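As a plain string of letters, each chain reads:
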Amino acid sequence: MSAKKHSLSGSLDDQLDEIVELGLMRHLRELDSPQGVQIHVEGSDCLNFSSNDYLGLANHPVLKEAAINAVEKYGVGSGASRLICGNIRPHVELEETIAAFKGTEAALAFSSGYAAAVGTISALLGRDDIVVLDKLCHASLIDGARLSGAKLRVFSHNDLQKLETILKWATRLQVEETHARRILVITESVFSMDGDLSPLRNIAELTHRYGGWLMVDEAHSVGLFGEQRRGLAEAFEMHDDIDIHFGTLGKAIGSAGGYVAGNATLINFLLNKARSFIFSTAPLPAAAAAATAGIRLIQSEEGESRRQRAWSLIDHLKSELLAQGIVPPLTQSAIIPIILGHENRARAVATELLKRGIYVPAIRYPTVAMGKARLRVSITANHEVEQIKQLCRVMAETMNEFPEGWSDENSSQT
Ligand SMILES: *Cc1c(COP(=O)(O)O)cnc(C)c1O
């Protein structure tokens, strides 16, 4: 018995059983098609409302061509980390492109946004410092903050008063102790699971008043906000008030990777100190070249028309939801969460939608709080009005089949 209990499988099985009981079991679904609006999932065609490919660039011919050309010219693998012999022309070009796009002195590309977050935060801060995050910040930011060893404080979502209280506490600590602590405030511009916006101007004002640095994650706003489509900070005309611009190359930009943009000293520092950059093989040349092509496309007229199309489809979705008796969130972004409550209900609705050919993910704990499970609908420039109508119709029917409060204990195996 006890041998079984302490065996790898025995011990992990117990934990997996708990996950199943809570309605939190996750599994992978296999797609056999490119990323897009119509995808082939586990043998059937369905309409995709789950992607972060907001401008429809992931399967765009211009990005594909850039990737193919990079493979032809530079091969597949990078062979080593950037600092050894893996710093290939497409990486350099990508960083120049990011810096020009973001209007910063310099930029550094990482193999993923997750790696960029973890490497950056843990390089900037140590045990003597203070890191302050919005409650709904992405896991990569939380993990970076934890890894840094800095004192971690969380302010309630978008709560400026709470943020100020923490900043006051932090400055008191600075005075009480002899050495100057660093204070880093981190928030997202568009929150990934709620789709709402951060009051960036106020956050920047507070952060700087108390001597902190501001890092903003624009993962879900690049391409959609701002005249140059740089993100929400540009739209709020406070782009230059951000010390550390952070984002991913894997969402609206259509490729894979992460970046930090800012002044040359920051980038030089990270190049020397960010362990996820130093000790990791350089991104594929094809990924870097596709990201460069994605950013250039976003900067072009086509980028502007794709952005406008996405926004008009988002408006369609909201009015169609209302027409079906589903109240959409008031927020303005390509992420439209429909809160369903119980984890099992969200999963049951999502499973039924998929049976009917519509793929919308059920987002559950720990991605969101317990009891706040939701359908996370995301819109891309490649959707059609008809498809959005179909989504709303089927969603209303399915939500009625599994009404509020629905929670089938026996359904956890499905
Ligand atoms: C996706 C995401 C990341 C991580 O980026 P990857 O490139 O996917 O690793 C970071 N922050 C937010 C808010 C995200 O949504």
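Residues numbered from 1 in each chain as written. Predicted model: local features only at pLDDT ≥ 70, side-chain atom pairs only at ≥ 80, totals over all residues. Heavy atoms only, no water.

1. Section: the domain arrangement of the protein chain
Thinking step 1. In terms of domain boundaries, the protein chain breaks down into domain 1 (23–54 + 301–401) and domain 2 (62–298).
Thinking step 2. Just the C-alpha atoms count here: the centres of domain 1 and domain 2 sit 27 Å apart.
Thinking step 3. On the side of domain 2, 20 residues touch domain 1, which itself brings 21 residues to the contact.
Thinking step 4. When domain 1 packs against domain 2, close to 1600 Å² is buried across both sides, 61% of that on carbon and sulfur atoms.
Thinking step 5. Interface area lost by domain 1 to domain 2 is led by Y54, R307 and I335, which between them contribute 29%.
Thinking step 6. Our count for the domain 1 to domain 2 interface comes out at two salt bridges.
Thinking step 7. Measuring nitrogen to oxygen at the nearest pair gives 2.6 Å for the salt bridge that ties R229 to E304.
Thinking step 8. Counting the contacts that link domain 1 with domain 2 gives 12 residue pairs in polar contact (both at pLDDT 80 or more). (Domains from an automatic or database assignment. Contact = heavy atoms within 4.5 Å. Buried area = accessible area lost by both parts, 1.4 Å probe. Salt bridge = Lys/Arg side-chain N within 4 Å of Asp/Glu carboxyl O. Polar contact = N/O pair within 3.5 Å; in protein donor to acceptor, adjacent residues only side chain to side chain.)

2. Notes on the sheet that holds strand β1 (residues 38–41)
Thinking step 1. Strands sit in the order β1-β2-β11 across an open sheet of three strands; the sheet is mixed. Of all strands in the sheet, those bounded by a partner on one side alone are β1 and β11 (358–359).
Thinking step 2. Here strand β2 (residues 44–48) pairs with β11 via two bridges, running parallel. For N48, the partnering residue across the bridge sits in β11 and is Y359. (Pairing = 2+ DSSP bridges. Helix = DSSP H or I, 4+ residues; strand = E, 2+ residues; numbered from the N terminus.)

3. A few points about the environment of V190
Thinking step 1. In this structure, V190 sits in the loop between β6 (183–188) and α9 (200–209).
Thinking step 2. Residues contacting V190, with those up to four places away along its chain left out, are G195, D196, L197, H220, S221, F225, S333 and I335.

4. Focus: a nonpolar patch on the surface
Thinking step 1. The grouping of L16, I19 and M25 at the surface amounts to a nonpolar patch, some 210 Å² of accessible area in total.
Thinking step 2. Structurally, I19 is set in helix α2 (residues 8–21). (Patch = residues over 30% accessible without salt bridge, like charges linked within 9 Å, V, L, I, M, F, W, Y side chains within 5 Å. Areas by Shrake-Rupley, 256 points an atom, 1.4 Å probe, with all protein chains shown as cover.)

5. Brief notes about a negative patch on the surface
Thinking step 1. A surface patch of negative charge is lined by D13, D17, E18 and E21.
Thinking step 2. Tracing the chain through its elements places D17 in helix α2.
Thinking step 3. On the accessibility criterion, D17 (45% relative accessible area) is partly exposed. (Lys, Arg positive; Asp, Glu negative; His and termini not counted. Charge placed at Lys NZ, Arg CZ, Asp CG, Glu CD. Buried < 20%, exposed > 50% of the residue type's maximum accessible area, 1.4 Å probe, protein only.)

6. Observations concerning unusual backbone geometry
Thinking step 1. Here the bond from Y365 into P366 is cis, since omega is 5 degrees, no more than 30 degrees from zero.
Thinking step 2. The phi dihedral of E237 falls on the positive side, at around 55 degrees, and the residue is not glycine.
Thinking step 3. On the secondary structure map, E237 appears in the loop between α10 (232–235) and β8 (244–248).

7. Here we look at the pattern of salt bridges
Thinking step 1. Counted by the stated rule, this structure contains 14 salt bridges.
Thinking step 2. Of the charged contacts, one joins R89 and E96 as a salt bridge, the two residues approaching to 3.8 Å between their closest N and O atoms.
Thinking step 3. Given the relative accessible area of 41%, R89 is considered partly exposed.
Thinking step 4. The residue E352 makes a salt bridge to R356 at a minimum N-O spacing of 3.1 Å.
Thinking step 5. Residue classification places R356 among the partly exposed positions, given a relative accessible area of 29%.
Thinking step 6. Through salt bridges with shared partners, a single ionic network connects E352, K355, R356, E397 and E401.

8. Some points on the environment of S111
Thinking step 1. On the secondary structure map, S111 appears in the loop between β3 (106–110) and α6 (113–124).
Thinking step 2. With 169 residues separating them in the primary sequence, S111 and S280 have C-alpha atoms 8.1 Å apart.
Thinking step 3. Leaving out residues up to four positions away in the same chain, S111 has contacts with A256, G257, G258, S280 and P283.

9. A few points about the site of the ligand
Thinking step 1. For the ligand, the set of nearby residues contains 13 residues, the closest of which are G113, D217, H220, T248 and K251.
Thinking step 2. In this structure, an oxygen atom belonging to the ligand sits 2.5 Å away from a side-chain N or O atom of H220.
Thinking step 3. In isolation the ligand has 380 Å² of accessible area, and contact with the protein removes 84% of it.
Thinking step 4. Grouping the constituent residues of the shell around the ligand by class yields two nonpolar, eight polar and three charged. (Near = heavy atom within 4 Å. Nonpolar A, V, L, I, M, F, W, Y, C, P; charged D, E, K, R; others polar.)

10. Section: the pairing of strand β9 (residues 258–262)
Thinking step 1. Taking burial as the measure, the five residues of β9 include five buried ones, the bulk of the element.
Thinking step 2. The side-chain alternation of β9 yields two buried faces, one formed by G258, V260 and G262 and the other by Y259 and A261.
Thinking step 3. Pairing of β3 with β9, which is carried by five bridges, proceeds in the antiparallel orientation. Counterpart to A107 in the pairing with β9 is A261.

11. Considering the nonpolar core
Thinking step 1. Among the nonpolar cores identified, the biggest contains 84 residues, and F49, L317, I338, L375, V377 and M395 are the most heavily contacted of them.
Thinking step 2. Considering each element in turn, this core owes the most residues, seven residues, to helix α16 (residues 385–401).
Thinking step 3. Residues from two domains meet in this core; each of domain 1 (23–54 + 301–401) and domain 2 (62–298) gives at least three.
Thinking step 4. In this view, L375 contacts I336, P337, I338, L340, A346, V349, A350, L353, V360, P361 and M395; residues no more than four positions away in its chain are not counted.
Thinking step 5. Counting 27 residues, the second largest nonpolar core, distinct from the first, contains I186, L266, I267 and I278. (Core = buried A, V, L, I, M, F, W, Y, C linked by side-chain atoms within 4.5 Å.)

12. Things to note about the packing of aromatic side chains
Thinking step 1. Under the definition given, this model contains two aromatic pairs.
Thinking step 2. Ring geometry for F110 versus F277: centroids 5.7 Å apart, planes at 70 degrees, classification edge-to-face. Of this pair, F110 sits in strand β3 while F277 sits in helix α12 (residues 275–278), and the two are 167 residues apart along the sequence. For the pair formed by F110 and F277, the shared burial category is buried. (Phe/Tyr/Trp six-rings, centres within 6.5 Å; stacked < 30°, edge-to-face > 60°.)

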